[in-house]
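As a plain string of letters, each chain reads:
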Amino acid sequence: MAITLTNATLVDPAAERVETGGIRIESEFIAEVGPSVRQCPGDEVLDCHGAVVLPGMVNGHTHLYSALAAGMPPPPRVPASFREILELVWWRLDRAHDAESIEVSGRIGALDALHAGTTTLIDHHASPSHISGSLDDLARGIDSVGLRSVLCYETTDRNGAGGAFEGLEENRRYLEKCALARDGAHAALVGAHAAFTMSDATLSACAKLADEYRSGVHIHVAEDPCDDQICRGRYGAALVDRLARSGITDAGGPVARESILAHCTHLSGADAQKLSSIVGAVAHNPRSNMNNQVGYAPVGSLCGVQLGTDGIGGDMFSESHAAWYKSRDARAGLSPRQIVDMLGQAARTAGRLLGRTLGVLNAGAAADVLITDYVPATPVAADTIPAHLIFAMGSRHVRDVLIAGVWAMRGRVAILPNEAGVRRQAARTAQSLWNRMLALPS
Ligand SMILES: [Zn+2]
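Since the model is a prediction, treat every value here as computed from it, not as a measurement.

### Here's the deal with the pattern of salt bridges
In the structure shown here, the tally under the stated rule is 33 salt bridges. The salt bridge partner of Arg 83 is Glu 87, with a shortest N-O separation of 3.4 Å. Here Glu 87 and Arg 83 lie together in helix 1 (residues 82-96), a separation of four residues that amounts to about one turn. Take Arg 83: its relative accessible area is 33%, and that puts it in the partly exposed class.

Structure below.
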């Protein structure tokens, strides 16, 4: 049965197109878009009453393992640096995860994203006490809400050689699984924490594994000055040189073309420009960067910048608003169009990895569609789309969501059974997770 949306204000930010009309959805794809689309007997028809319809949003870098972190007990002492934020907060939380808490984190993180109109998640996962099979646990949680995902496991030497090996093997297992399935819902990258917690051998092993599966490496780069400082002090080479030597940012290489570098906050202007022109994408996470007080990436001069939340929820409307206001505060000279392009870049990256066209309202594209209740109170045209997205629209306007042609949310209620019950159960899982975290040696 086809689904037909009528009387919609179709807003396609990537194509810079606004049209009044409808969309016909057949199976998992958009079949028609235009002023009037076919309706056949038996079709499900939804009158949008002039409200804006958008393509689903994509979160270009997140950590669902933090989805149960709101209100968790404070760290044993106040972190005095970015490195201590990792050591005292996030590396204690990720170590406390088990199979159940990972699955629940996936479900709650995906629900949060869904309500904000985010339909695909590019996630970077870590759970050192439960590595093998953890990406399946996470995917199970996300699948129960209906979102698409691109997952990886965070390879690192911070848990010894055994932990690094197990991380690599979890990436390999999931890459193989996704390569066999090729279902458009699941894709894999090779996860790498950051060069400052990885030996040269481990970095190279990540690049080699990505090359084997024609994939890329998803890695944090220069989020804080400590990344380069520790690379020089412990490994005798600059961060950018270590990344290049490993093959991750090998110019023209197949791995670099699919890789995602998260942050790039503390590279020199020349290094940042060079790396961004080599790799698939640079993930910009302005709210996380502000929260961790690590500074502002030179995003105005970079290629392929995509927005991510870095674990601060899944709301890409809010992240784009923060990206805009941060750019203004920093006098970076960005235009609203450049901010909206960062949303489009995340969709292109995920679409390429998933084998689907995401982030556009075209015939043949994936039927990942947001129906809002936002009826523009000022004229909306191709050149004013960014202004409406940044200054007027928000996740509060997202009413119904289709993913791969299937309803994931109707009337602001997720389709998965008993959403309220799922949330109550998650609170119990969160308490157990926090108890395990508190029991860890500080
Ligand atoms: Zn991150």
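### Re the sheet that holds strand 7 (residues 118-123)
With respect to topology, four strands assemble into an open sheet ordered 6-7-8-9, the strand pairing being parallel. The open sheet has two free edges, formed respectively by strand 6 (57-62) and strand 9 (186-188), since each of these has just one partner strand. On average, each strand axis in the sheet is inclined to that of its neighbour by 15 degrees, with strand direction left out of account. Where strand 7 lies against strand 8 (residues 148-151), three bridges are found, and the strand directions are parallel. When the bridges of strand 8 are listed, Thr 120 appears paired with Arg 148. Running over the sheet, helix 4 (residues 160-181) touches strand 8 and strand 9 and is turned about 140 degrees from strand 9.

### Examining the packing of aromatic side chains
This structure, assessed with the given rule, holds two aromatic pairs. A ring pair is formed by Trp 324 and Phe 391, whose centres lie 6.1 Å apart and whose planes are at 90 degrees; its orientation type is edge-to-face. In this pair, Trp 324 sits in helix 11 (residues 316-329) while Phe 391 sits in helix 13 (residues 385-391), placing the two residues 67 residues apart along the sequence. Seen from their ring centres, Tyr 325 and Phe 391 are 6.5 Å apart, and the 70 degrees between their planes marks the pair as edge-to-face.

### A word on the nonpolar core
Leu 114, Leu 147, Val 217, Ile 219, Val 221 and Leu 267 are the most contacted members of the largest nonpolar core, which totals 97 residues. When residues of this core are assigned to domains, at least three fall in each of domain 1 (3-56 + 359-411) and domain 2 (62-354).

### Comments concerning the coordination of the zinc ion
His 61 (NE2), His 63 (NE2), His 220 (NE2) and Asp 310 (OD) make up the full set of protein donors to the zinc ion, lying at 2.0 to 2.2 Å. Classification of the site at the zinc ion as irregular follows from its four donor atoms and the range of 90 to 163 degrees in their angles at the metal. For the zinc ion, the single-chain donor residues occur in sequence as H-x1-H-x156-H-x89-D. Residue His 61 is found in strand 6, and its partner Asp 310 is found in the loop between strand 14 (305-307) and helix 11; the two are separated by 249 residues along the sequence.

### Remarks on the sheet that holds strand 11 (residues 217-221)
Spatially, 10-11-12-13-14 is the arrangement adopted by the five strands of the open sheet, whose pairing is parallel. A single partner strand is all that each edge strand has here, and the edge strands are strand 10 (190-194) and strand 14. Averaged over neighbouring strand pairs, the angle between their axes works out to 25 degrees when direction is ignored. Judged from the four bridges that link them, strand 11 and strand 12 (residues 260-263) form a sheet pairing that is parallel. Bridging from a neighbouring strand, Ile 219 pairs with Leu 261 of strand 12.

### Brief notes about unusual backbone geometry
For Arg 182, which is not glycine, the phi dihedral falls at a positive 40 degrees. With respect to the helices, strands and loops of the structure, Arg 182 is situated in the loop between helix 4 and strand 9. The backbone of Asn 418 shows a phi angle near 55 degrees, a positive value even though the residue is not glycine. Along the chain, the position of Asn 418 falls in the loop between strand 18 (413-414) and helix 14 (419-438). On the accessibility criterion, Asn 418 (53% relative accessible area) is exposed.

### Considerations on the packing of helix 2 (residues 99-115) against helix 3 (residues 134-143)
Running from N to C, helix 2 and helix 3 cross one another at 35 degrees; their axes reach a closest spacing of 7 Å. The handedness of the crossing between helix 2 and helix 3 is right-handed. Contacts from Ala 99, Ile 102, Glu 103, Gly 106, Arg 107 and Ala 110 of helix 2 reach helix 3 at Ser 134, Asp 137, Leu 138, Arg 140, Gly 141 and Ile 142. Per-class residue counts for the contact of helix 2 with helix 3 are five nonpolar, three polar and four charged.

### Some words on the domain arrangement of the protein chain
Splitting the protein chain by domain gives domain 1 (3-56 + 359-411) and domain 2 (62-354). Distance from the C-alpha centre of domain 1 to the C-alpha centre of domain 2: 29 Å. Facing the 24 residues of domain 1 at the interface are 20 residues of domain 2. Together domain 1 and domain 2 conceal approximately 1,900 Å² of surface at their shared face, both sides included; 67% is due to carbon and sulfur atoms. One can count two salt bridges joining domain 1 with domain 2.

Conventions and cut-offs
- Residues numbered from 1 in each chain as written.
- Predicted model: local features only at pLDDT ≥ 70, side-chain atom pairs only at ≥ 80, totals over all residues.
- Heavy atoms only, no water.
- Salt bridge = Lys/Arg side-chain N within 4 Å of Asp/Glu carboxyl O.
- Helix = DSSP H or I, 4+ residues; strand = E, 2+ residues; numbered from the N terminus.
- Buried < 20%, exposed > 50% of the residue type's maximum accessible area, 1.4 Å probe, protein only.
- Pairing = 2+ DSSP bridges.
- Axes fitted to C-alpha atoms, helices over the stretch in contact; angles between N-to-C directions.
- Contact = heavy atoms within 4.5 Å.
- Phe/Tyr/Trp six-rings, centres within 6.5 Å; stacked < 30°, edge-to-face > 60°.
- Core = buried A, V, L, I, M, F, W, Y, C linked by side-chain atoms within 4.5 Å.
- Domains from an automatic or database assignment.
- Donors = N, O, S within 2.8 Å, 3.2 Å for Na, K, Ca; no water.
- Tetrahedral: all angles 85-135°; square planar, octahedral: opposite > 155°, others 65-115°.
- Left-handed = near helix turned anticlockwise from the far one by under 90°.
- Nonpolar A, V, L, I, M, F, W, Y, C, P; charged D, E, K, R; others polar.
- Buried area = accessible area lost by both parts, 1.4 Å probe.

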